[in-house]
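Descriptive structure summary
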2 protein chains.
Amino acid sequence: MRNKRQSIKDIATKLGVSPTTVSFVLNGKGEEKKISKEVINRVREYTTAINYKPNMVARSLRTGRTKILVFMVEDISNYFFSRIARIIEDIAYSKGYRVLFCSNENQDKRSRDLLNLFYERQVDGFIIIPSSGIRSDIKELIDNDIPVVLFDRYFPDLDTHYVVIDNYAASKNATQHLIDNGYRNIAFITTDVQQLQMLDRKRGYLDAVSKEGLQPTVLEIPFDDTDSKKGRELLRGFFSKKDGLDAVYFSTNYLTRSGLEIIKEIDAQAIADLGIVTFDDNELFRINTPTISAVAQPMEAIAQELMRIMLHLLKHKNKVSETIQVTLSAELIPRGSSLAKEKV
Amino acid sequence: MRNKRQSIKDIATKLGVSPTTVSFVLNGKGEEKKISKEVINRVREYTTAINYKPNMVARSLRTGRTKILVFMVEDISNYFFSRIARIIEDIAYSKGYRVLFCSNENQDKRSRDLLNLFYERQVDGFIIIPSSGIRSDIKELIDNDIPVVLFDRYFPDLDTHYVVIDNYAASKNATQHLIDNGYRNIAFITTDVQQLQMLDRKRGYLDAVSKEGLQPTVLEIPFDDTDSKKGRELLRGFFSKKDGLDAVYFSTNYLTRSGLEIIKEIDAQAIADLGIVTFDDNELFRINTPTISAVAQPMEAIAQELMRIMLHLLKHKNKVSETIQVTLSAELIPRGSSLAKEKV
């Protein structure tokens, strides 16, 4: 068993020199500080022999930099978030940063616990998908001069850097696509959370149907029940009763999963006859029968913008004059599930 | 704008007492150290008023504990890994630990960079899916008395704690299931990586087919090309030529995705006629047409075992006499894609 990690003090004692001398040599300042060649060599040989590694915790304390970023998502096991996490990680890795991922489950308490913990550990910056009740916590980070970039949603009354997509336009466009293809009785399945991006998606749907004089049908599943037995019962009840429906538009990928499964369970044929569009793409939608039409968020561009802003803030020690707010477009990918109705 | 974080020294200067006094009060040792009630109250009131938060980096340096664990996976955007990451995170959160996720892309250099970085930062423990060339790095962590638990694969000649599944038995069973259902010409699509778990899956397949006197057909896609154009060409070439095939068994979920897409592209009907089984389940396999049979790894149990071992090591400061090695079973979930051949 190898001995435990040696500190600079241990090395100094061992070699009979001062800790400052060891530190100068290790930081490449031996000659500048007029330390003798002999001592420099002794320190170098010994630290190489014991495979000395600097204590980065101590270094962080001196520099105030940890080279760690936090990326707080709603749920790291959601494909949309994990995919963006991975792209962010790759960009950060190439710039010498590590990324700490965590899931807040859209709960304010958990968000707050995590923010406090990481703040105490002095990470260098935060990329956050905020839960709705943590506006004041975000404000506190910003007031304390910590680089913060929000993502997916933001607080309209808080001046923050953020990257979002134009949910309203994307949703209106997806609904219009179904209308253009001959669907007239389009249900919108969403959650009841009052998050900006979900409200924008709903607004897009409502405006598109009302513009055409169609009747909106909205089912809101409680956020905590989107994957529960109760949520599935709500979906089952809804689809069992709604005979006139000719299309369904899901506002988020986790609802699509349960929704399609239940439609299939009630009537295996229905999945071929209904018009279907979902928000958020998934690689498996391309192999489904029918292939599923989806609103694809530009994951690569989102991750790149988030890191571009974050690296900009870090470079300028968070002293930037303007607030950087980026809104990207999402692209509808029409597939077999929303073909023009006559052709179905 | 709020002032920057105050240190214990700042607080001491502000209140006209010594930093040691402030530190004793904040650590609840004011009375024990005979500090006057008046000073204790003054320190408490002031630190509450400024919302003082201890510098955890400094505390980590004193205690040698960071309450951070590292979970190194191959790719955090792979559903299998991100799902386990999420369960580990929830268990860790409930025990006061944070989890740092990172992806090594199955590259030794990246694994090594990450291990060194986190080792330098003195995280409390590592849960690692090792790339194949980092045996000596893992050994170094263990020799340095750092809690390490491997997952998914291990080094047969290195005595480590680990949690794996019985890949050989699960794979043999999945192949046998296809044989029992009347399939005779079963292809095994896998990658060329020499990872233990992949070799075990191949061995399970080969033993099952040879036991029945059937001919094995193995396609190995280079690991770096599983999602590339070249990999897709290999798959396309393979499926275009293999007319006699009546079943396909995919060794891992990312190959299933490309494989099914290409089968469908070549002949939309083939996907209904072929027997299909894949290693690793996905929620969307339940809604596919046909639903896809899958070998489901017990994600909840894997995550729980990993954390049980890690918390045990942390509790005993890594001084445990036995090496804990857990092998779990994976369950075949037969679905529509591998029904008995007569019924197809």
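Analysis parameters
- Residues numbered from 1 in each chain as written.
- Chains lettered and ligands numbered in written order.
- Predicted model: local features only at pLDDT ≥ 70, side-chain atom pairs only at ≥ 80, totals over all residues.
- Heavy atoms only, no water.
- Helix = DSSP H or I, 4+ residues; strand = E, 2+ residues; numbered from the N terminus.
- Rg over C-alpha atoms; globule rule 2.2 N^0.38 Å.
- Buried < 20%, exposed > 50% of the residue type's maximum accessible area, 1.4 Å probe, protein only.
- Contact = heavy atoms within 4.5 Å.
- Areas by Shrake-Rupley, 256 points an atom, 1.4 Å probe, with all protein chains shown as cover.
- Lys, Arg positive; Asp, Glu negative; His and termini not counted.
- Charge placed at Lys NZ, Arg CZ, Asp CG, Glu CD.
- Polar contact = N/O pair within 3.5 Å; in protein donor to acceptor, adjacent residues only side chain to side chain.
- Pairing = 2+ DSSP bridges.
- Right-handed = clockwise from strand over helix to strand, strands pointing away.
- Axes fitted to C-alpha atoms, helices over the stretch in contact; angles between N-to-C directions.
- Expected span 1.5 Å × (residues − 1).
- Phe/Tyr/Trp six-rings, centres within 6.5 Å; stacked < 30°, edge-to-face > 60°.
- Left-handed = near helix turned anticlockwise from the far one by under 90°.
- Nonpolar A, V, L, I, M, F, W, Y, C, P; charged D, E, K, R; others polar.
- Core = buried A, V, L, I, M, F, W, Y, C linked by side-chain atoms within 4.5 Å.
- pLDDT = per-residue confidence, 0-100.
- Domains from an automatic or database assignment.
- Salt bridge = Lys/Arg side-chain N within 4 Å of Asp/Glu carboxyl O.

Some details on the overall build of chain A
Looking only at helices and strands, chain A features 13 helices and 12 strands. What you see for chain A is a C-alpha radius of gyration of 27 Å, clearly larger than the 20 Å of a compact globule of 344 residues, by over 25%. Projecting the C-alpha coordinates of chain A onto the three principal axes gives extents of approximately 90 × 45 × 30 Å. Residues counted as buried form 57% of the 344 residues belonging to chain A. Here the analysis covers contacts within chain A between residues at least 6 apart in sequence; of these, 69% occur between residues at least 24 apart. Accessible surface computed for chain A: about 14,700 Å², of which carbon and sulfur atoms make up 48%. For chain A, the separation between the mean place of its 49 positive charges and that of its 46 negative charges on side chains is 10 Å.

Notes on the side chain of B:R110
With respect to the helices and strands, B:R110 occurs in helix α6 (residues 108–120). Among the polar contacts made by the side chain of B:R110, one reaches the main-chain carbonyl oxygen of B:S103 at a distance of 2.9 Å. Those residues within four positions of B:R110 in sequence are excluded, and the remaining contacts are A:R86, A:E89, A:D90, A:Y93, B:S103, B:N104 and B:E105.

Some details on the pairing of strand β2 (residues 98–103) of chain B
Residue and element names in this part refer to chain B. Counting buried residues in β2 gives six out of six residues, a clear majority hidden from the surface. For strand β1 (residues 68–73) and β2, the ladder comprises six bridges, and the chain directions are parallel. Bridge pairing in β2 links L69 to V99. Traced from β1 through helix α5 (residues 79–94) to β2, the parallel crossover comes out right-handed.

Notes on the sheet that holds strand β11 (residues 325–328) of chain B
All names here are of chain B. Taken in spatial order, the six strands make up an open sheet running β2-β1-β3-β4-β5-β11, and their pairing is parallel. Each edge of the open sheet is held by one strand with a lone partner, namely β2 and β11. Direction aside, neighbouring strands of the sheet carry axes that sit 15 degrees apart on average. Direction of pairing for strand β3 (residues 125–128) relative to strand β4 (residues 148–151): parallel, over a ladder of three bridges. When the sheet's bridge partners are listed, I127 is paired in β4 with V149. Sheet contacts for α5: β1, β2, β3 and β4; angle to β2, the most-contacted strand, approximately 165 degrees.

What to know about helix α8 (residues 167–180) of chain B
Residue and element names in this part refer to chain B. With 14 residues, α8 extends 20 Å from end C-alpha to end C-alpha; this agrees with the ideal 20 Å at 1.5 Å per step. Buried within α8 are the following residues: N167, A170, S171, A174, T175, Q176, H177, L178 and I179. Once α8 finishes, G182 follows within two positions and takes phi at roughly 95 degrees, a positive value.

Considering the packing of aromatic side chains
In the structure shown here, the tally under the stated rule is 19 aromatic pairs over all chains. Consider the rings of A:Y154 and A:Y162, whose centres lie 4.1 Å apart with planes at 15 degrees: the pair is stacked. Residue class for A:Y162 comes out buried when judged on its relative accessible area of 9%. Members of the aromatic cluster, joined through ring pairs, are A:F71, A:F80, A:F81, A:F101, A:F151, B:F71, B:F80, B:F81, B:F101 and B:F151.

Remarks on the packing of helix α8 (residues 167–180) of chain A against helix α9 (residues 196–211) of chain A
Residues and elements named next belong to chain A. Direction vectors running N to C along α8 and α9 enclose 35 degrees, while the axes themselves pass 7 Å from each other. The handedness of the crossing between α8 and α9 is right-handed. Of the residues in α9, those in contact with N167, Y168, S171, K172, T175, Q176 and I179 of α8 are Q197, D200, R201, R203, G204, Y205, D207, A208, V209 and K211. Of the residues contributing to the contact of α8 with α9, the split by class is five nonpolar, six polar and six charged.

Re the nonpolar core
A:F71, B:F71 and B:F151 are the most contacted members of the largest nonpolar core, which totals 106 residues. Broken down by element, the residue count for this core peaks at 10 residues, all from helix α13 (residues 299–315) of chain B. B:F71 has contacts with B:F81, B:I84, B:A85, B:I88, B:V99, B:L100, B:F101, B:C102, B:I127 and B:F151, leaving out every residue within four places of it along the chain. Core analysis: the second largest hydrophobic core is formed by 54 residues, A:F239, A:L245, B:I189 and B:F239 among them.

Remarks on the confidence of the model for chain A
Residue and element names in this part refer to chain A. Mean pLDDT for chain A: 88, with 94% of residues reaching 70 or above. Per-element mean pLDDT across chain A ranges from 54 in helix α4 (residues 56–63) up to 98 in α8. With pTM at 0.78, the complex prediction returns an ipTM value of 0.73.

Some remarks on the domain arrangement of chain A
One can read the domain layout of chain A as domain 1 (8–54), domain 2 (63–165 + 300–329) and domain 3 (167–297 + 332–338). One C-alpha centre belongs to domain 1 of chain A, the other to domain 3 of chain A; they are set 66 Å apart.

Here's the deal with helix α7 (residues 135–143) of chain B
When we look at burial in α7(B), the residues that qualify are B:D137, B:I138, B:E140, B:L141 and B:D143. Once α7(B) finishes, B:D145 follows within two positions and takes phi at roughly 70 degrees, a positive value.

Quick notes on the pattern of salt bridges
Per the stated rule, a full pass over the model turns up 50 salt bridges over all chains. A salt bridge links A:R110 to A:E105; the nearest nitrogen and oxygen atoms lie 3.6 Å apart. By relative accessible area, which is 6% here, A:R110 ends up buried. Taken together, the shared-partner salt bridges in this structure form one network comprising A:D75, A:E105, A:R110, B:R86 and B:D90.

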